[in-house]
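Given next are the chains, with one letter for each unit.
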Amino acid sequence: MTIEAPHQPLTDDQVERIRADFPILQQQVNGQPLAYLDSGATAERPRQVLDAERRFLEHDNAAVHRGAHTLAALSTDAYEDARATVAEFIGATSPSEVVWTANATDALNLVAHGIANASRGRGGADAERFRIGAGDEILVTEAEHHANLVPWQELAIATGATLRWVPVDDRGCWSAADAVARITERTRVVAFAHVSNVTGMIAPVAEVVAAAHARGALVVLDACQSAPHRPLDVRDLDVDFAAFSGHKMLGPNGIGVFWGRRDLLDALPPFRTGGSMITTVTMEHTEFMPAPERFEAGTQPVSQAVALAEAVRYLQAIGMDRVRDHEEHLAQRMLDGLAAVPGIHVVGPEAGVPRSGLVAFDVDGVHAHDVAQYLDAQGIAVRSGHHCAQPLHRRLGLTATSRASTYVYTTEDDVDRFVRAVGEIRGYFGAEGVGA
């Protein structure tokens, strides 16, 4: 897929050309054309990505970094070429800053448990920079996905450090001022999502990074909802670590990306140990390889890396600026439509504040799961539940919300069908007299 005039918005014809690359979108669900508005949970895959993985498995598959035969060499080249492709996509200084993980959750656990190991004395003098303990603080936000909250809770328990958080307001958003006010000389780690998976809020990265680095704290960025949907340059953002998943950006399950500054990666003790990540092993002692191999114990996700690199190339051919603009245009169309429907309460930034291409909402008198089932009957796929963000929903006084999320293959017609169907829900469930 190559889109001409890369600095112009996607036209309807171009979106239809993109949609034609996705076999799953050509079907009907419950007798209706599929409107897939759940890309925030997992994205669909274009034929190019499916073919790239299949082609690798049919022609080049072998264990990487292990053999001297032809297939081993071809497989290793494909694996490392994929690393270089992803490194370039996110603005990494070198491919060695990109570590393959099972998913973003695995990547976030990698850094949290690596810091825990350093705090127990593992890693020697180089790892002392990561040591934390009683009196130190870890800062997150109340809006975090559980994957960027629970590992830090565990780190606090393991080290005696204190977990603190930036509160959200009544819309589920937090401010740079509140975050900066909570970064002190005791703060050792600041971890937050670049884009919220519930509210669509775009984090004030620059302000938080500046305050954290001024006090010597590390910054860990959850980029799961940004890497697939908007330009991401880790060097420009000046964060220390970042994580995202393949399956949210047109790629396969079973692979995630952990990026870190090279000097930090080489000093961080590994989380998993075993084969592939060692230099010397005796019965008493093991020495580990430098990054990225030191974090890639065991059999690597080779075909998944190849497929993820193809997904990156697909997105690059469209242009990440255009991906962002297309999704944000559709989200605004969604917001405008929902604003005219009585009894619908959207969470997230107020009107006029930039947000990503997802919209989470509550329907007066109707549970989020019933909302999703009604929409599914119309062939419209959305997410319902707490979206792995229970503290955020609890703060908003909600047990669950429904979430519609857009991507490069989403059309205006998908959005308009969604808005019309939402407008029917309260009447269908007899809830028109409930709430405001």
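Quantities reported herein were computed from a predicted structural model and do not represent experimental measurements.

Along its length, the protein chain carries 14 helices and 17 strands. A globule of 436 residues ought to have a C-alpha radius of gyration of about 22 Å, and the protein chain, at 22 Å, matches this closely. On the principal axes, the C-alpha backbone points of the protein chain span a range of 70 × 55 × 35 Å. Looking at the 436 residues of the protein chain, the share that counts as buried comes to 56%. Excluding contacts between residues fewer than 6 apart, the proportion of contacts in the protein chain whose partners are at least 24 apart in sequence is 71%. Counting every atom, the protein chain has about 17,500 Å² of accessible surface; 49% of that belongs to carbon and sulfur. Charged side chains of the protein chain number 37 positive and 57 negative; the gap between the two group centres comes to 3 Å.

Those residues of helix H5 (residues 150–159) that sit buried are Pro151, Trp152, Leu155, Ala156 and Thr159. Each buried residue of H5 lies within a common arc of 140 degrees when the element is viewed along its axis, so the set occupies one face. On its buried side, H5 packs onto helix H4 (104–119), strand E5 (137–141), strand E6 (162–166), strand E7 (187–193) and strand E8 (218–222). Backbone geometry just after H5 places Gly160 at a positive phi near 85 degrees.

Time to look at the packing of helix H2 (residues 47–59) against helix H10 (residues 302–318). Contact geometry of H2 with H10 gives a least axis separation of 8 Å together with a crossing angle of 145 degrees. The two elements H2 and H10 cross, and the hand of that crossing is right-handed. Counted together, Gln48, Val49, Ala52, Glu53, Phe56 and Leu57 of H2 and Val302, Ser303, Gln304, Val306, Ala307, Glu310, Ala311 and Tyr314 of H10 form the full contact between these two elements.

Now for the pairing of strand E9 (residues 241–245). Within E9, 5 of the 5 residues are buried, leaving the element largely enclosed by the surrounding structure. Side chains of E9 alternate between two faces, with Phe241, Ala243 and Ser245 and Ala242 and Phe244 buried alike. Pairing analysis gives 3 bridges linking E8 to E9, with the strands arranged parallel. The partner of Val220 across the bridge, within E9, is Phe241. Here E9 runs beside strand E10 (residues 256–260); their pairing, made up of 5 bridges, is antiparallel. Within the sheet, the bridge partner assigned to Ala243 lies in E10 and is Phe258.

A few words on the state of the cysteines. A complete count under the given rule lists 0 disulfides for this structure. The closest cysteine sulfur to the non-disulfide-bonded Cys224 is located on Cys388, 11 Å from its own sulfur.

Taken together, the side chains of Asp12, Asp13, Glu16 and Asp413 make up a negatively charged region of the molecular surface. If you tally residues by element for the negative patch, the top one is helix H1 (residues 12–19), at 3 residues. Relative to the helices and strands, Asp13 resides in helix H1.

Per the stated rule, a full pass over the model turns up 21 salt bridges. In this structure, Arg54 engages Asp51 in a salt bridge whose closest nitrogen and oxygen atoms are separated by 2.8 Å. Remark: Asp51 and Arg54 occur in helix H2; sequence separation between them is 3 residues, near one turn of the helix. Exposure remark for Arg54: the relative accessible area of 42% places this residue in the partly exposed category.

What follows covers the nonpolar core. Judged by nonpolar contacts, the single largest core of 78 residues is most densely connected at Trp174 and Tyr409. Sort the elements by how many residues they give to this core and H10 lands first, with 11 residues.

With that settled, the discussion passes to unusual backbone geometry. Peptide bonds are, in most cases, trans, and in most cases residues other than glycine have a negative phi. The linkage connecting Ala291 with the following residue, Pro292, adopts the cis geometry, with an omega of 5 degrees. The backbone of Asn30 shows a phi angle near 55 degrees, a positive value even though the residue is not glycine. Summarising the element assignment, Asn30 is placed in the loop between strand E1 (28–29) and strand E2 (32–33). Of note in the backbone geometry, Leu250 takes a positive phi value of approximately 75 degrees without being a glycine. Looking at the element boundaries, Leu250 is found in the loop between E9 and E10.

Turning our eyes to something else, we now look at the packing of helix H12 (residues 368–377) against helix H14 (residues 412–428). At a closest axis distance of 10 Å, the pairing of H12 and H14 adopts a crossing angle of 125 degrees. For the element pair H12 / H14, the angle class is oblique. Crossing angle aside, the handedness with which H12 passes H14 is right-handed. Together, Val371, Tyr374 and Leu375 of H12 and Phe418, Ala421, Val422, Glu424, Ile425 and Tyr428 of H14 make up the contact between the two elements. In the contact of H12 with H14, the residues fall into 8 nonpolar, no polar and 1 charged.

All right, on to the pairing of strand E11 (residues 278–281) then. Relative to strand E12 (residues 286–288), E11 is paired through 3 bridges, and the arrangement is antiparallel. Note on E12: the bridge partner recorded for Ile278 is Phe288. Here E11 hands over to E12 after 4 residues, the two strands then running antiparallel side by side.

Taken in spatial order, the 4 strands of this open sheet run E13-E14-E17-E16, and their pairing is antiparallel. The open sheet terminates on both sides in strands that have one partner only, identified here as strand E13 (344–346) and strand E16 (383–385). On average, each strand axis in the sheet is tilted by 30 degrees relative to the strand beside it, whichever way the strands run. Sheet topology places strand E14 (residues 358–363) next to strand E17 (residues 401–405); 4 bridges connect them, and they run antiparallel. Bridging across to E17, Val359 finds its partner in Ala404. Along the sheet face, helix H11 (residues 320–339) touches E13, E14 and E17 and points at about 20 degrees away from the line of E14.

The rules behind these values
Residues numbered from 1 in each chain as written. Predicted model: local features only at pLDDT ≥ 70, side-chain atom pairs only at ≥ 80, totals over all residues. Heavy atoms only, no water. Helix = DSSP H or I, 4+ residues; strand = E, 2+ residues; numbered from the N terminus. Rg over C-alpha atoms; globule rule 2.2 N^0.38 Å. Buried < 20%, exposed > 50% of the residue type's maximum accessible area, 1.4 Å probe, protein only. Contact = heavy atoms within 4.5 Å. Areas by Shrake-Rupley, 256 points an atom, 1.4 Å probe, with all protein chains shown as cover. Lys, Arg positive; Asp, Glu negative; His and termini not counted. Charge placed at Lys NZ, Arg CZ, Asp CG, Glu CD. Arc of directions from axis to C-beta. Axes fitted to C-alpha atoms, helices over the stretch in contact; angles between N-to-C directions. Left-handed = near helix turned anticlockwise from the far one by under 90°. Pairing = 2+ DSSP bridges. Disulfide = S-S within 2.5 Å. Patch = residues over 30% accessible without salt bridge, like charges linked within 9 Å, V, L, I, M, F, W, Y side chains within 5 Å. Salt bridge = Lys/Arg side-chain N within 4 Å of Asp/Glu carboxyl O. Core = buried A, V, L, I, M, F, W, Y, C linked by side-chain atoms within 4.5 Å. Parallel < 35°, antiparallel > 145°, perpendicular 65-115°, else oblique. Nonpolar A, V, L, I, M, F, W, Y, C, P; charged D, E, K, R; others polar.

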